[in-house]
Amino acid sequence: MKLKAYLLVASAAFLGIAAETKNAKPVEGVNPGDLAPRINLEENESPIHFQNQNGRYTLINFWAAYDAESRARNVRLWNEVNKLNASTEKVAMYSISLDEKTSVFEETVKMDKLEGTAQLHERQGYRSDVFKKYQLDKGLKNFLVNDEGVIIAANVTPERLAELWKQI
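Predicted model only: the values in this text are computed from it and were never measured.

### Some details on the pattern of salt bridges
Logical step 1: With the rule as written, the count across this model stands at six salt bridges.
Logical step 2: A salt bridge links R127 to E100; the shortest N-O distance between them is 3.1 Å. One end of the pair, R127, is in the loop between β3 (119-121) and α4 (129-133); the other, E100, is in the loop between β2 (91-97) and α3 (102-111), and 27 residues separate them in sequence.
Logical step 3: Overall, the relative accessible area of 35% leaves E100 in the partly exposed class.

### A word on the nonpolar core
Across soluble globular proteins, nonpolar side chains have a tendency to be buried as a group.
Logical step 1: Formed by 20 residues in total, the largest nonpolar core has its most connected members in I39, F50, F62, Y134 and F143.
Logical step 2: Core analysis: the next-biggest nonpolar cluster, separate from the first, contains 18 residues, W63, F105, L144 and W165 among them.

### Some remarks on unusual backbone geometry
Logical step 1: Phi is positive for K113, which is not a glycine, with a value near 60°.
Logical step 2: Inspection of the secondary structure puts K113 in the loop between α3 and β3.
Logical step 3: Of the residues examined, K113 reaches a relative accessible area of 70% and is grouped as exposed.
Logical step 4: Its identity as a non-glycine residue notwithstanding, N155 has a phi of 55°, on the positive side.
Logical step 5: Its location among the elements puts N155 in the loop between β5 (151-154) and α5 (158-167).

### Describing the sheet that holds β2
Logical step 1: Overall, mixed pairing links the five strands, which are arranged β3-β2-β1-β4-β5 in an open sheet. What marks the edges here is a single partner per strand, and that holds for β3 and β5. The sheet shows a mean angle of 20° between the axes of neighbouring strands, taken without regard to direction.
Logical step 2: Bridging between strand β1 (residues 57-63) and β2 involves seven bridges; their strand directions are parallel. The residue bridging W63 from the neighbouring strand is S97, located in β2.

### A look at the packing of aromatic side chains
Logical step 1: In this structure the tally under the stated criterion is four aromatic pairs.
Logical step 2: Measuring from centroid to centroid gives 6.3 Å for W63 and F105, while their planes differ by 35°, and the two rings are tilted. Pair noted here: W63 is in strand β1 and F105 is in helix α3, with a separation of 42 residues, a long-range link. The pair formed by W63 and F105 is uniform in burial state, with each residue classed as buried.
Logical step 3: A connected cluster of aromatic rings, assembled from ring pairs, spans F62, Y134 and F143.

### Here's the deal with the packing of helix α2 (residues 68-84) against α5
Between two packed helices, both the angle of their axes relative to each other and the distance between the axes serve to describe the pair.
Logical step 1: At a minimum axis distance of 9 Å, the contact between α2 and α5 shows a crossing angle of 25°. As far as their axial angle goes, α5 and α2 are roughly parallel. Where α2 crosses over α5, the handedness of that crossing is right-handed. From α2, R76, L77, E80, V81 and L84 reach across to α5, where they touch P158, E159, L161, A162 and W165.
Logical step 2: Grouping the constituent residues of the contact of α2 with α5 by class yields seven nonpolar, no polar and three charged.

### Quick notes on the pairing of strand β4 (residues 142-145)
Successive side chains on a regular strand alternate, one facing one side of the sheet and the next facing the other.
Logical step 1: Here β4 shows a buried face lined by N142 and L144 and a second buried face lined by F143 and V145.
Logical step 2: Where β1 lies against β4, four bridges are found, and the strand directions are antiparallel. Bridge assignment links N61 to a residue of β4, and that residue is N142.
Logical step 3: In this structure, β4 lies alongside β5, joined through three bridges in antiparallel fashion.

### A closer look at α5
Logical step 1: Within α5, burial applies to P158, L161, L164 and W165. On an axial view of α5, the arc spanned by its buried residues comes to 110°, and they lie on one face. Within α5, the exposed residues directed more than 90 degrees away from the buried face are K166 and Q167.
Logical step 2: In this structure, the buried residues of α5 make contact with β1, α2, β2, β4 and β5.

Reading the values: the criteria
- Residues numbered from 1 in each chain as written.
- Predicted model: local features only at pLDDT ≥ 70, side-chain atom pairs only at ≥ 80, totals over all residues.
- Heavy atoms only, no water.
- Salt bridge = Lys/Arg side-chain N within 4 Å of Asp/Glu carboxyl O.
- Helix = DSSP H or I, 4+ residues; strand = E, 2+ residues; numbered from the N terminus.
- Buried < 20%, exposed > 50% of the residue type's maximum accessible area, 1.4 Å probe, protein only.
- Core = buried A, V, L, I, M, F, W, Y, C linked by side-chain atoms within 4.5 Å.
- Pairing = 2+ DSSP bridges.
- Axes fitted to C-alpha atoms, helices over the stretch in contact; angles between N-to-C directions.
- Phe/Tyr/Trp six-rings, centres within 6.5 Å; stacked < 30°, edge-to-face > 60°.
- Parallel < 35°, antiparallel > 145°, perpendicular 65-115°, else oblique.
- Left-handed = near helix turned anticlockwise from the far one by under 90°.
- Contact = heavy atoms within 4.5 Å.
- Nonpolar A, V, L, I, M, F, W, Y, C, P; charged D, E, K, R; others polar.
- Arc of directions from axis to C-beta.

Taken by themselves, the reported measurements are silent on function.
Given below as structure tokens:
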């Protein structure tokens, strides 16, 4: 009899918890399903936040000149975004360089022919808040964020972006 009572109480508790999770809002984090952390850069007057109600997605890409893979990915992603946005502008892209020297950042943007694109610079590099918030000590990454500010994909390749484009 006691076992049935315990099972009944446990089942009721489980149902109560399950009902609450339907109304739960995403928490700030760096995994798909999390709310993307707001980005405050020293050189940017207003913070970058991702919530907009016009259906646009945001691709935020972190890179550095000293990281050849992230630098090459930055160029490839910009090429893909420009190609996909030719018909409709569904994705806004921001690239954030974590190079500490402004001269390195500026010269790299010129060499990569990315002038006129949304290239932002975080001079504090690995010591910055954005580096910590986005857990970039585990590698420079990118995040695709929907218009509600929720991360829907991380470490997106240009090929994966094209696949996701068909779904959005």
